[in-house]
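Next come the chains, spelled out residue by residue.
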Amino acid sequence: MYDYPLDFDWTTEEIIDVMSLYNAVEQAYEGGISKDEFMKVYHRFIEIVDSKSEQKKLDQAFEKVSHYSIYKVFQEAKNHDWIEIK
């Protein structure tokens, strides 16, 4: 268990949506996720966090606590229909 990096200025809905991205990244590392499912939550994440620098900061914070990278999963999604990070 770990604390997810969140911005408490987000609405409850936005927090839930960002948590969905974190969960999708975890799925990619722990068994796999479809590209469509991942990209749906990823696109919502970039709507909420529209600053590239803030996205990078959240990715680094998430990777620090979970050892899972949003960026690496996104890169895999560019080239595969099924994402599974090993």
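Residues numbered from 1 in each chain as written. Predicted model: local features only at pLDDT ≥ 70, side-chain atom pairs only at ≥ 80, totals over all residues. Heavy atoms only, no water.

A look at the packing of aromatic side chains
Step number 1: Scanning the entire structure with this criterion turns up seven aromatic pairs.
Step number 2: Judged by centre distance (4.5 Å) and plane angle (10 degrees), the rings of Tyr-22 and Phe-62 are stacked. Of this pair, Tyr-22 sits in helix α1 (residues 12–30) while Phe-62 is found in helix α3 (residues 52–66), placing the two residues 40 residues apart along the sequence. The same class applies to Tyr-22 as to Phe-62, namely buried. (Phe/Tyr/Trp six-rings, centres within 6.5 Å; stacked < 30°, edge-to-face > 60°. Helix = DSSP H or I, 4+ residues; strand = E, 2+ residues; numbered from the N terminus. Buried < 20%, exposed > 50% of the residue type's maximum accessible area, 1.4 Å probe, protein only.)

Details of unusual backbone geometry
Step number 1: Although it is not a glycine, His-67 adopts a positive phi angle of roughly 70 degrees.
Step number 2: Examined against the element boundaries, His-67 turns out to sit in the loop between α3 and α4 (70–79).

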